[in-house]
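Here is how the chains run, residue by residue.
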Amino acid sequence: MVATVNYFQRVNISVAADPMMKVFQLTQAQMGSVFSAFVFGYTLFQIPGGMLADRFGPRRVLGWATLSWGLFTFLTGMISTLAALTGASVLVALVALRFVFGISQGPMFPAGTRAVVNWFPLSERARANALCITGISIGSFLMPPLVSWMVLHLSWESSFYIAAVAAILGAVAWGWYVRDHPSQHGAVNHVELSLIRRDASFAASQQLDFSFLKVQLRNGNLLRLVLSYTLSGYVSYVFVFWFYLYLVQVRHFGQAESAWLTTVPWILAAITTFGGGCLSDRLIATRLGMDWGRRIVPMACQIGAALFLCLGARVENGYVAAAVLAVCTGLILGVEGPYWATGNQISAKNVGFVGGLLNTGSNLGGVISPTLTPLIAQHFGWVRALDFAGVVALGAAALWLTVIPSRQLNYDVSVPDSALATIDGPDTS
């Protein structure tokens, strides 16, 4: 739910971008800088956000974060007033506000993977992480037609006000229902607790260990995974920020029609994201083992995405091109579960920190993609811009050959009884 609300806040500016660009006379490159400002702030706070989740738990961190999304989204709808009050231009105000908004959204998935490790055994983490990230797709396919309707029938400002209300309601629901650990939730019994804690890494994963951070930052296996996710992030952000405008400005679809066509990739992605996580968990239990069981899904998805990108760029019929690129979107987001589960597997300590490191890589690709993609398109055409994204996807797939998911960092998994008591909570038998 929170991931869906999270993406409601993000995606609405992509749909509202066209009327905003007209009202404030912004160019594609200037709007690209607004998109990149959000991703830059979001990227900067991945690691701190993950460490906060390790230290204070996902319940508090995500609860306050979600509440802040409502504030910054509301202010985006008032950007004209905000610019006038600060004496800045609308462009400067937008860039600054989206940067701070990106910081507030930074803890989302590092804290999410912290919650997954708290609540799931290792053998179920790809599907659990994937289910969390499926919120991206749900938010992305539900919101474009809704936001487009609001822009057409109300105003582009209204989309931000309504999204702000959704964030506040999401924060209230999260704080009321969610608990950091299964032992703190009244619906969990001791059988389920035993299942969750059957992995030896469970106890160690509950502590924020500052002394282990250097070991993790120097681990080549983990860093190669991060680099691969960086390249994958570049490709996925092409669709997050530019697919709608590509349909409007390059394929010449109407605004409403483009909004509906934009939902198709995310419907597919909702299926492939969760499906990829489930398949990855199944494959590690076969003869393929942990290494190839985790590699096959992301490699196949990224190679397929590269092929469909090149094909979609060259198809003349607009509807066929939209369908081909929709498949590409589904494939590039089918990799999420294996990436996050592999990050957990390589280094189970400081899970929020590792998740932040992983997502920092993805969003560094996202910082570059919204600005570089239109620049390539401006100088060489959209075919070359999408071709370049295809080459990047192949690079992400190739790096998986160098990642060894079964090679976990060595550390002492012993935990004092007092720490375990804190994890387990009171005996409710």
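That block above? That's the structure.
Student: Would you mind going over the packing of helix 14 (residues 255-283) against helix 16 (residues 318-333) in detail, with residue names and values included?
Tutor: One can describe the packing of helix 14 onto helix 16 by two numbers: an axis separation of 7 Å at closest approach and a directional angle of 35°. For helix 14 against helix 16, the interelement crossing comes out right-handed. Contacts from Glu257, Val264, Pro265, Trp266, Leu268, Ala269, Thr272 and Thr273 of helix 14 reach helix 16 at Tyr319, Ala326, Val327, Thr329, Gly330, Leu331 and Leu333. Across the contact of helix 14 with helix 16, the residue classes tally to 10 nonpolar, 4 polar and 1 charged.

Student: I'd like a rundown of the packing of helix 15 (residues 289-314) against helix 17 (residues 336-346), residues and numbers included.
Tutor: It is at 10 Å that the axes of helix 15 and helix 17 come closest, and there the two elements cross at 150°. Taken as axis vectors, helix 15 and helix 17 run roughly antiparallel relative to one another. Classified by chirality, the crossing of helix 17 by helix 15 is left-handed. Here Met290, Arg294, Val297, Pro298 and Gln302 of helix 15 lie close against helix 17, whose contacting residues are Pro338, Tyr339, Ala341, Thr342 and Gln345.

Student: Pulling in residues and values, what's your account of the packing of aromatic side chains?
Tutor: As enumerated under the stated definition, the model contains 12 aromatic pairs in all. When the ring of Trp176 is compared with that of Tyr177, the centres are 5.9 Å apart and the planes differ by 45°; the resulting orientation is tilted. An aromatic cluster is present here, built from Tyr229, Tyr339, Trp340 and Trp400 joined pairwise through their rings. In this arrangement the basic side chain of Arg55 is found over the ring face of Phe56, its NZ or CZ atom lying 4.9 Å from the centre. In this structure, Arg295 packs its charged tip against the face of Trp292, placed 4.9 Å from the ring centre.

Student: Just give me the short version of empty space enclosed by the protein, but keep the residues and values in it.
Tutor: Empty space among the atoms can be located by rolling a probe the size of a water molecule over them. Evaluation of the coordinates by the stated rule reveals 3 cavities of 30 Å³ or more. When its volume is computed, the largest cavity comes out at roughly 170 Å³. At the level of elements, helix 1 (2-24), helix 8 (125-153), helix 13 (220-249), helix 16, helix 17 and helix 18 (351-380) are the ones that each hand at least two residues to the lining of the largest cavity. Among the residues making up the lining of the largest cavity, the classes are represented as 11 nonpolar, 6 polar and 2 charged. Within this model, the second largest cavity holds a volume of roughly 100 Å³. Taken together, 14 residues line the second largest cavity, and the ones lying closest to its centre are Val11, Phe239, Val240, Thr262 and Trp266. Of all the elements in the fold, those that place two or more residues in the lining of the second largest cavity are helix 1, helix 8, helix 13 and helix 14. Sort the elements by how many residues they give to the lining of the second largest cavity and helix 13 lands first, with 6 residues. Considering only residue class, the lining of the second largest cavity consists of 11 nonpolar, 3 polar and no charged.

Student: So what about helix 15? Which residues, and what values?
Tutor: One turn of an α-helix holds 3.6 residues; hence residues three or four places apart share an orientation. Counted at 1.5 Å a residue, the expected span for helix 15 with its 26 residues is 38 Å, and the 39 Å between its end C-alpha atoms agrees. Most pronounced at Ile296, the bend in helix 15 amounts to some 30°, and the proline Pro298 follows within four residues.

Student: Report on a nonpolar patch on the surface, specifying residues and quantitative values.
Tutor: Taken together, Trp64, Leu67, Ile168 and Val172 make up a surface patch of nonpolar side chains, about 420 Å² in accessible area. Secondary structure elements with two or more residues in the nonpolar patch: helix 4 (58-77) and helix 9 (156-177).

Student: How would you sum up the pattern of salt bridges? Please name residues and give values.
Tutor: Oppositely charged side chains can pair when the atoms bearing their charge come close. Per the counting criterion, the structure on display carries 5 salt bridges. The residue Arg127 makes a salt bridge to Asp281 at a minimum N-O spacing of 2.9 Å. Remark: Asp281 occurs in helix 14 and Arg127 occurs in helix 8; sequence separation between them is 154 residues. Residue Asp281 is classed as buried on the basis of its relative accessible area, which comes to 4%. A salt bridge links Arg314 to Asp387, with the shortest nitrogen-to-oxygen separation between them at 2.6 Å.

Calculation rules
- Residues numbered from 1 in each chain as written.
- Predicted model: local features only at pLDDT ≥ 70, side-chain atom pairs only at ≥ 80, totals over all residues.
- Heavy atoms only, no water.
- Axes fitted to C-alpha atoms, helices over the stretch in contact; angles between N-to-C directions.
- Helix = DSSP H or I, 4+ residues; strand = E, 2+ residues; numbered from the N terminus.
- Left-handed = near helix turned anticlockwise from the far one by under 90°.
- Contact = heavy atoms within 4.5 Å.
- Nonpolar A, V, L, I, M, F, W, Y, C, P; charged D, E, K, R; others polar.
- Parallel < 35°, antiparallel > 145°, perpendicular 65-115°, else oblique.
- Phe/Tyr/Trp six-rings, centres within 6.5 Å; stacked < 30°, edge-to-face > 60°.
- Lys NZ or Arg CZ within 6 Å of the ring centre and 35° of its normal.
- 1 Å grid on protein atoms, 1.4 Å probe; cavity = no way out; pocket = protein on both sides within 12 Å on 5 of 7 lines; lining within 4 Å.
- Points joined across faces, edges and corners; volume = space filled by probe spheres on them.
- Expected span 1.5 Å × (residues − 1).
- Bend = angle between axes of the 7 residues up to and from the residue.
- Patch = residues over 30% accessible without salt bridge, like charges linked within 9 Å, V, L, I, M, F, W, Y side chains within 5 Å.
- Areas by Shrake-Rupley, 256 points an atom, 1.4 Å probe, with all protein chains shown as cover.
- Salt bridge = Lys/Arg side-chain N within 4 Å of Asp/Glu carboxyl O.
- Buried < 20%, exposed > 50% of the residue type's maximum accessible area, 1.4 Å probe, protein only.

Take it as geometry only, folks, not as evidence of what the structure does.
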